[in-house]
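Summary of the model geometry
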Amino acid sequence: MVEPVSSVSIIVEMDNASLVDWDDVGALIAVLQQEIVTYKSSRPKTQFELLFALDGSDDDAAALRGDILEACPSLTSTATLVCHSLADGRYYELKNAGAQMATGEIIIFADSDMAPEPAWLATLLEPFSDPSLQAVNGYTYLDYNDFLSRVLALYWVFPLRDNDDSKWKHRSLNANNCAFRRSWFLQNQFPFHLGFKLSCGMLWKQMVKDGVPFRKLEAYARHAPFQGWRFFVWRALVTGQDEDRRYTMRTSSLRLARSVHAVLTLFKKLKKALRRTKSHGAEVGLSALQKPAAFLVWTTFLVLAFLGQIQHALGFKNKAPEIIPKGIEVS
């Protein structure tokens, strides 16, 4: 059998690990190991590297390596384990740093708060037997386990696991579930931006503009449920700020234009949310009585996002890089 790739580096950022329990991270490691074992059972020559990139020092990296091996003692018999630290490293910076450290012909980006489904690895890697292909984008959906997480799963930027083809069709790059030829990515890394989650969209837009050969694949990965009202409020505000940053980059830096855009965005998203409540509410387990409540909760999110967006548009901007605040971490 012809090997589609000779070596693979799976890069896991640890920035999002603060939002989930360590048991969830341990479960991800176990799933990744099993995916590698399954893949190598029919393609034994492919070499794998698991590279964990974290904000911190060399001592922090050594401690993380110990925690990983405690959670999964046999991991090093499956793949080379690397823990790399970057002082003050943010989400995309950790991914870029991991890519620079990686040795694999193909690099896969995963997140510390996601869990691949079976056959995820093979689905991502098989298309690279086409030498012209430079990138693939997997399918990430948001899991849920209570009312608030059901609301977020319904309206979030990720499509639902099933029956959400339209949203999936228009979904941009999933930085938590994608793969690149390393040689291409090192020349086209996630661009730096002060915003929280803009760099993946910026890279995706450039890829489409440049006609970079890529494929969207049903390589399913479950994103852990978002938890807590503190996260809800902060994420809404930073979503609005990112929306203004995006509009400024693409359209106009004029404050009046940005303010008008903030108002139009609010009403556009409210209209879209109302349609989605009717069409997909039942698919996340919302009863007929819960659907209006879900819409009201998401309306609150959109209003908070509007406040963040209009505040940013009027010049009350955060000039420091956006990071996950300490107050919303899982204890």
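Now for a look at the structure at hand.

Criteria and thresholds
- Residues numbered from 1 in each chain as written.
- Predicted model: local features only at pLDDT ≥ 70, side-chain atom pairs only at ≥ 80, totals over all residues.
- Heavy atoms only, no water.
- Helix = DSSP H or I, 4+ residues; strand = E, 2+ residues; numbered from the N terminus.
- Core = buried A, V, L, I, M, F, W, Y, C linked by side-chain atoms within 4.5 Å.
- Buried < 20%, exposed > 50% of the residue type's maximum accessible area, 1.4 Å probe, protein only.
- Contact = heavy atoms within 4.5 Å.
- Patch = residues over 30% accessible without salt bridge, like charges linked within 9 Å, V, L, I, M, F, W, Y side chains within 5 Å.
- Areas by Shrake-Rupley, 256 points an atom, 1.4 Å probe, with all protein chains shown as cover.
- Salt bridge = Lys/Arg side-chain N within 4 Å of Asp/Glu carboxyl O.
- Lys, Arg positive; Asp, Glu negative; His and termini not counted.
- Charge placed at Lys NZ, Arg CZ, Asp CG, Glu CD.

A few words now on the environment of valine 157. With respect to the element layout, valine 157 can be found in the loop between helix 5 (147-155) and helix 6 (165-170). C-alpha separation for the pair valine 157 and serine 172, spaced 15 residues apart in sequence, amounts to 9.4 Å.

In this structure, Ile10, Phe48, Phe52, Ile108, Trp120, Leu121 and Leu125 are the most contacted members of the largest nonpolar core, which totals 41 residues. Elements that contribute at least two residues to this core include exactly strand 1 (7-13), helix 1 (22-42), strand 2 (47-55), helix 2 (58-71), strand 3 (80-86), strand 4 (106-111), helix 4 (120-125) and strand 8 (214-223). If one sorts the elements of this core by residue count, helix 1 sits on top with 6 residues. Setting aside its immediate chain neighbours within four residues, isoleucine 10 contacts Leu32, Ile36, Phe48, Glu49, Leu50, Leu51, Ile108, Ala110 and Leu121. Val151, Phe232, Val284 and Ile328 belong to the second largest nonpolar core, which has 32 residues in total.

On the surface, a cluster of negative charge is contributed by Asp55, Asp58, Asp59, Asp60 and Asp88. With 3 residues, helix 2 is the single largest residue contributor to the negative patch. Within the secondary structure layout, aspartate 88 lies in the loop between strand 3 and helix 3 (91-101). Given the relative accessible area of 67%, aspartate 88 is considered exposed.

Keep in mind that these numbers describe shape and distance, not what the molecule does.
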